[in-house]
Amino acid sequence: MSTTGIYGGKRTGVRVVVAGDRGTGKSTLISAVATEAFDRNVPPVLPPTRLPADLYNDLVPLTVIDTSSSLENSSKRNEELKRADVVVLTYACDQPMTLSRLSTYWLPELRHLGVKVPVILVGCKLDLQDEQAPMSMEQVMSPIMQQFREIETCIECSAATNNQVPEVFYYAQKAVLHPTTPLFDQERQALQPRCISALRRIFTLCDHDMDGALNDSELNEFQVKCFNAPLQPAEIVGVKRVVHEKLPDGINDIGLTLSGFLFLHALFIEKGRLETTWAVLRKFGYDDDLKLADEFVPVPSKRAPDQSVELTTEAVEFLRGIFRLFDTDNDGALQPHQLEDLFATAPESPWSELPFEDAAEITASGNLPLNAFLSEWALMTLIDPKKSMANLIYIGYTGAPASALHVTRRRSVDRKKQKTERNVFHCFVFGPKNAGKTALLNSFIGRSFSKSDTTTTGERFAVNVVNQVGGNKKTLVLREIPEDEVKTFFSKKTFLAACDVAVFVHDSSSEHSWKRSRELLVEVAKQGEESGYGVPCLLIAAKDDLDPYPMAVRDSLGISQELGIEAPVRVSMKLNTMNDVFNRILSVAEHPHLSIPETETRKNRKKYLQVVNRSLMCVSVGAAAAFVGLAAYRAYSARRNASG
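Residues numbered from 1 in each chain as written. Predicted model: local features only at pLDDT ≥ 70, side-chain atom pairs only at ≥ 80, totals over all residues. Heavy atoms only, no water.

**Here's the deal with helix H5 (residues 165–177)**
Taking 1.5 Å of rise per residue, 13 residues should cover 18 Å, and H5 covers 19 Å from first to last C-alpha, within 8% of that figure. Inspection of H5 places Val 165, Val 168, Phe 169, Ala 172, Gln 173, Lys 174, Ala 175, Val 176 and Leu 177 among the buried residues, and these make up the whole buried set. (Helix = DSSP H or I, 4+ residues; strand = E, 2+ residues; numbered from the N terminus. Expected span 1.5 Å × (residues − 1). Buried < 20%, exposed > 50% of the residue type's maximum accessible area, 1.4 Å probe, protein only.)

Right under this line is the structure:
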């Protein structure tokens, strides 16, 4: 059982693996830090050595793993290196060849093994170094550190004189608990983008009066929250003086500006005080990847496969307010730079990659309208509630998660009650290649038809608000299911559980397209019957501008009647003749008990239930008649006895 790891968001130990050429002092170094003494007769390879938690201020124990440099033990050494939290690579200060071996063998070997942890370079036997050495350590190490960015620090020590031995493992622990790379780009000598985003969010949260600067009271409150100690007035003056000297716009008449706040943290890091910035980040919930740790993003976890997650009215109103705040020109749409500013306090824009990229409608000038903005949030909440909740928090939502996310009622219950309370409906779009699925999705988000739409490249989402008769608005998510991946999807029994309505698109001019679409409809009906997650279905005859395949028209009407679903909706994306198709899709989804294909099994079951119900009715009627007769007989007997 490992003695290191992370529990409850906090690291419970650090695993340090020491490697290097034979005779460089690995085992002697470990022995010296463990016993605080120098031993000339140390075994070639020491067993795992546990250093006490109180050895350093962070109070986290270290487990130090010694390794053999021999070829026959390389397999075991490599396994240990792969399990390391940090690697200490040793060389001997009196053997220049061992130093060159770091860059020619050991560091490339770590990369080859896929070891992606901080590396500490340690020169042992400093007491034996030639005092006439021509170059300083900085001159020697600088080129190596430029080539291998995983190197966290370099240090020289002597076990014989106990010179800087504890510091070796202090830096090893620090590299794990307070890593440099997530915070600072050594090459650019600047804060990393994610670090800036996190600190920007923290600054915004601490700027309670939202005046763009931290006054003395806000600075003091920040200090108490992060370090449990107030700042003295003289300390506040000192901080402001340092910032103003180096960065005049870091201080204004109110207090410390955002640029000054960022400058201070860059200064801490440059001076080696990474633990200060990490203490701030962790107090506000950030993990080593500068994302909010899981315990700071609680989301509903217990839900059935046929339940989904939606934003609450409170969360939607918050998003409307955020939209208005960043829509500085009040044109009802966010320009790309305005959207970037909105997500400036998040690790990155959550919609810059699939499936969110290009999933919502944009204006002719490339801006995002309010409905599209809210639609993207609805899509993110539907397919990744945790990501949605985290980004709500990143952009300033301070309410409880329960007030932001709502778990819908089970779809199976909706079918029994013959109504649904959902606001976001998930539509699976099936169909063969070149049937018009992609064109349908593009039409849904306001994109004009082009011939390239006929090619399906893979699974894709499109989301928009549908305006219903009477003024109601619902969000519809179209999910294009690639024909080649249908079997893979169906191998998962609960695949259809997430579906509110399935549509089947076919090219109305193609015999093959119609037959394949019909096969897919039958497969979905069968899958729904077998899994218990039957879904309402709708046929869509696309490319209505072309001459129709005659049999397809007749067959599709016959199939619709046979299966008990609506007649096919005829559309032409090219002519923009859509026949109100999206409202019709939504209408089918809102009536979850209707339009579920009547398979033979389902028909037989319904007939059986009808027979049972009729039988029960007859039994009930008979029982009622018998009860009435018995009551009449008793009344007659009572009267006769009374007259007697």
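**Some points on unusual backbone geometry**
For the peptide bond that leads from Leu 354 to Pro 355, omega is 5°, which places it in the cis range. Looking at the element boundaries, Pro 355 is found in the loop between helix H12 (336–342) and strand E14 (368–369). Unlike most non-glycine residues, Asn 162 shows phi in positive territory, near 55°. Along the chain, Asn 162 falls in the loop between strand E7 (151–156) and H5. Residue Asn 579 is not a glycine yet carries a positive backbone phi of 55°. Along the chain, Asn 579 falls in the loop between strand E21 (569–570) and helix H20 (581–589). Asn 579 gets classed as partly exposed once you look at its relative accessible area, which sits at 39%.

**Comments concerning the pattern of salt bridges**
Taken as a whole and judged by the stated rule, the model has 28 salt bridges. When the shortest N-O distance is used, the salt bridge between Asp 414 and Arg 409 registers 2.7 Å. A residue is classified by how much of its surface remains accessible, and Arg 409, at 22% relative accessible area, is partly exposed. For Asp 544, the salt bridge is made with Arg 570, and the minimal N-O distance between the two is 3.0 Å. Placement of Asp 544 in the loop between strand E20 (537–542) and helix H19 (550–563) and of Arg 570 in strand E21 is noted, with a sequence separation of 26 residues between them. Residue Asp 544 is classed as partly exposed on the basis of its relative accessible area, which comes to 33%. Here the residues in one salt-bridge network are Arg 409, Arg 411, Asp 414, Glu 421, Arg 422 and Asp 500, joined through shared partners. (Salt bridge = Lys/Arg side-chain N within 4 Å of Asp/Glu carboxyl O.)

**A few points about helix H1 (residues 26–35)**
Counting buried residues along H1, 7 of its 10 residues qualify, which places the element largely inside the surrounding structure. Every buried residue belonging to H1 is among Lys 26, Ser 27, Leu 29, Ile 30, Ser 31, Ala 32 and Val 33, and all of these are buried. Within two residues after H1, Glu 36 carries a phi angle of roughly 55°, on the positive side.

**Notes on the sheet that holds strand E17 (residues 460–467)**
Sheet architecture is open: 6 strands sit in the order E17-E18-E16-E19-E20-E21, paired in mixed fashion. Pairing within the sheet leaves two strands with one partner each, and these edge strands are E17 and E21. Running over the sheet, helix H13 (residues 370–383) touches strand E16 (424–430), E17 and strand E18 (473–480) and is turned about 125° from E17. Contacts between helix H18 (residues 511–531) and the sheet are confined to E16, strand E19 (501–507) and E20, with E19 contributing the most and set at about 165° to the helix. (Pairing = 2+ DSSP bridges. Contact = heavy atoms within 4.5 Å. Axes fitted to C-alpha atoms, helices over the stretch in contact; angles between N-to-C directions.)

**Some details on the nonpolar core**
Ile 202, Phe 373 and Trp 377 are the most contacted members of the largest nonpolar core, which has 72 residues in total. Looking at this core, the element that brings in the most residues is H13, giving 8 residues. In this structure, Trp 377 is in contact with Leu 311, Leu 319, Phe 343, Trp 351, Ser 388, Asn 391, Leu 392 and Ile 395, ignoring residues within four places of it in sequence. (Core = buried A, V, L, I, M, F, W, Y, C linked by side-chain atoms within 4.5 Å.)

**Here we look at the packing of helix H6 (residues 193–206) against helix H9 (residues 258–270)**
The contact between H6 and H9 brings their axes to 10 Å, and the two run at 125°. The orientation of H6 with respect to H9, classified from their angle, is oblique. The hand of the H6/H9 crossing is right-handed. Of the residues in H9, those in contact with Ile 196, Leu 199, Arg 200, Ile 202 and Phe 203 of H6 are Leu 258, Phe 261, Leu 262 and His 265. Of the residues assigned to the contact of H6 with H9, the class counts are 7 nonpolar, 1 polar and 1 charged. (Parallel < 35°, antiparallel > 145°, perpendicular 65-115°, else oblique. Left-handed = near helix turned anticlockwise from the far one by under 90°. Nonpolar A, V, L, I, M, F, W, Y, C, P; charged D, E, K, R; others polar.)

**Things to note about the side chain of Asp 306**
Its location among the elements puts Asp 306 in the loop between helix H10 (274–283) and strand E12 (309–311). We classify Asp 306 as buried; its relative accessible area is 1%. What Asp 306 contacts, discounting residues up to four positions off in sequence, is Arg 409, Arg 410, Arg 411, Ser 412, Arg 422, Ala 497 and Tyr 533.

**Regarding the packing of H13 against helix H14 (residues 385–394)**
Close contact between H13 and H14 brings their axes to 5 Å; oriented N to C, the two are set at 130°. Classed by the angle they form, the pair H13 and H14 counts as oblique. Facing Trp 377, Met 380, Thr 381, Leu 382 and Ile 383 of H13, the residues of H14 in contact are Pro 385, Lys 387, Ser 388, Asn 391 and Leu 392. Residues of the contact of H13 with H14, tallied by class, amount to 6 nonpolar, 3 polar and 1 charged.

**Considerations on the packing of aromatic side chains**
One pass over the structure, following the stated rule, counts 19 aromatic pairs. Their ring planes at 55° and their centres at 5.4 Å tell us that Phe 323 and Phe 373 sit as a pair that is tilted. Pair noted here: Phe 323 is in helix H11 (residues 313–326) and Phe 373 is in helix H13, with a separation of 50 residues, a long-range link. We classify Phe 323 as buried; its relative accessible area is 3%. Measuring from ring centre to ring centre gives 5.7 Å for Trp 351 and Trp 377, while their planes differ by 80°; the resulting arrangement is edge-to-face. With a gap of 26 residues between them, Trp 351 in the loop between H12 and E14 and Trp 377 in helix H13 connect regions that are remote in the sequence. Looking at Trp 351, the relative accessible area reads 7%, which means it is buried. (Phe/Tyr/Trp six-rings, centres within 6.5 Å; stacked < 30°, edge-to-face > 60°.)

**Things to note about the pairing of E20**
When you tally the buried positions in E20, you get 6 out of 6 residues, the bulk of the element. Pairing geometry for E19 and E20, over 6 bridges, is parallel. Paired with Ala 502 across the strands is Cys 537, a residue of E20. Once the chain exits E19 it traverses H18 before rejoining the sheet at E20, and the crossover so formed is right-handed. One ladder, built from 2 bridges, connects E20 with E21; its direction is parallel. Bridge pairing links Ile 540 to Val 569 in E21. Handedness of the crossover joining E20 and E21 through H19 is recorded here as right-handed. (Right-handed = clockwise from strand over helix to strand, strands pointing away.)

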